Amino acid sequence: MIQKTPGAPRDEKSAAPIRAHILFIEARYYDDIADMLIEGAIAECKKRGATYERIAVPGALEIPQVLAAAADARSAGRTAFDGAVALGCVIRGETAHYDIVCNNANHWMMDVAMRQNIPVGNAILTVDTREQAVARAEGGITGKGGDAARACLRLIEAKRAFWETTA
Ligand SMILES: Nc1c(NC[C@H](O)[C@H](O)[C@H](O)CO)[nH]c(=O)[nH]c1=O
Ligand SMILES: CC(=O)[C@@H](O)COP(=O)(O)O
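Residues numbered from 1 in each chain as written. Chains lettered and ligands numbered in written order. Predicted model: local features only at pLDDT ≥ 70, side-chain atom pairs only at ≥ 80, totals over all residues. Heavy atoms only, no water.

- By the naming in an unreviewed UniProt entry, the protein chain is 6,7-dimethyl-8-ribityllumazine synthase, taken from Hyphomicrobium facile.
- Check the Sequence similarities (unreviewed entry) section of the UniProt entry for the protein chain; it says "Belongs to the DMRL synthase family."
- Per UniProt, the protein chain carries the Pathway (unreviewed entry) text "Cofactor biosynthesis; riboflavin biosynthesis; riboflavin from 2-hydroxy-3-oxobutyl phosphate and 5-amino-6-(D-ribitylamino)uracil: step 1/2." (UniProt positions renumbered as here; feature names shortened; annotations may be inferred.)

Below is the structure:
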């Protein structure tokens, strides 16, 4: 039984239109799962009026590296995005590689996000079976891809709130 996470808070602000440009980083190791995740993430962005761009990488281990490269380019004024959403699926195999991929993809992605102050929504599924992955990736805007996009947009709103003048 999957406990559908509530995603971003269901307050009015979390559903309000938002001026934001999002970078979708898609690890396409399992193409069909990636398609389900990106469908939900795009649906959430379109619902909120946010724009987006997409970049594909072979697998989850490449996500932190491309986020770091995008952050460098943003610092150099060569690209502009307000937040990122990581999408991927890691399915346990016979060896310890599953732990290597999951731990390093998530750890170093968050390291870049924290160091570069980038709002990042995380839909890197880490599962034991393909069925578990499908159950979490499907559902369009209500799936994990939509959840991660909602989280990213919520982080952008929260970040901006700190800079709103109270005067
Ligand atoms: N087994 C999975 C991988 N493995 C590939 C790595 O992510 C990486 O692309 C490779 O080691 C080359 O550097 N990636 C996933 O996203 N999902 C898997 O289940
Ligand atoms: C998560 C993985 O890297 C996994 O798909 C690799 O499978 P195996 O551990 O059987 O080589």
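1. With respect to the pairing of strand 3 (residues 83–91)
- With nine of nine residues buried, strand 3 lies mostly within the body of the structure.
- Residues of strand 3 alternate between two faces, with Gly83, Val85, Leu87, Cys89 and Ile91 on one and Ala84, Ala86, Gly88 and Val90 on the opposite face, all of them buried.
- The pairing of strand 1 (residues 21–27) with strand 3 spans five bridges and is parallel. What sits directly across from Ile25, in strand 3, is Ala86.
- As judged from the eight bridges shared by strand 3 and strand 4 (residues 120–127), these two strands associate in the parallel manner. For Ile91, the partnering residue across the bridge sits in strand 4 and is Val127.
- You can see the chain leave strand 3, run along helix 4 (residues 97–115) and come back into strand 4, and the turn it takes is right-handed. (Buried < 20%, exposed > 50% of the residue type's maximum accessible area, 1.4 Å probe, protein only. Helix = DSSP H or I, 4+ residues; strand = E, 2+ residues; numbered from the N terminus. Pairing = 2+ DSSP bridges. Right-handed = clockwise from strand over helix to strand, strands pointing away.)

2. Some words on helix 2 (residues 31–48)
- With 18 residues, helix 2 ought to run about 26 Å at 1.5 Å a step, and its terminal C-alpha atoms sit 26 Å apart, in line with that.
- Listed as buried for helix 2 are Ile33, Ala34, Leu37, Ile38, Gly40, Ala41, Ile42, Glu44, Cys45 and Arg48.
- Remark: Gly49 follows helix 2 within two positions and exhibits a positive phi of approximately 80 degrees. (Expected span 1.5 Å × (residues − 1).)

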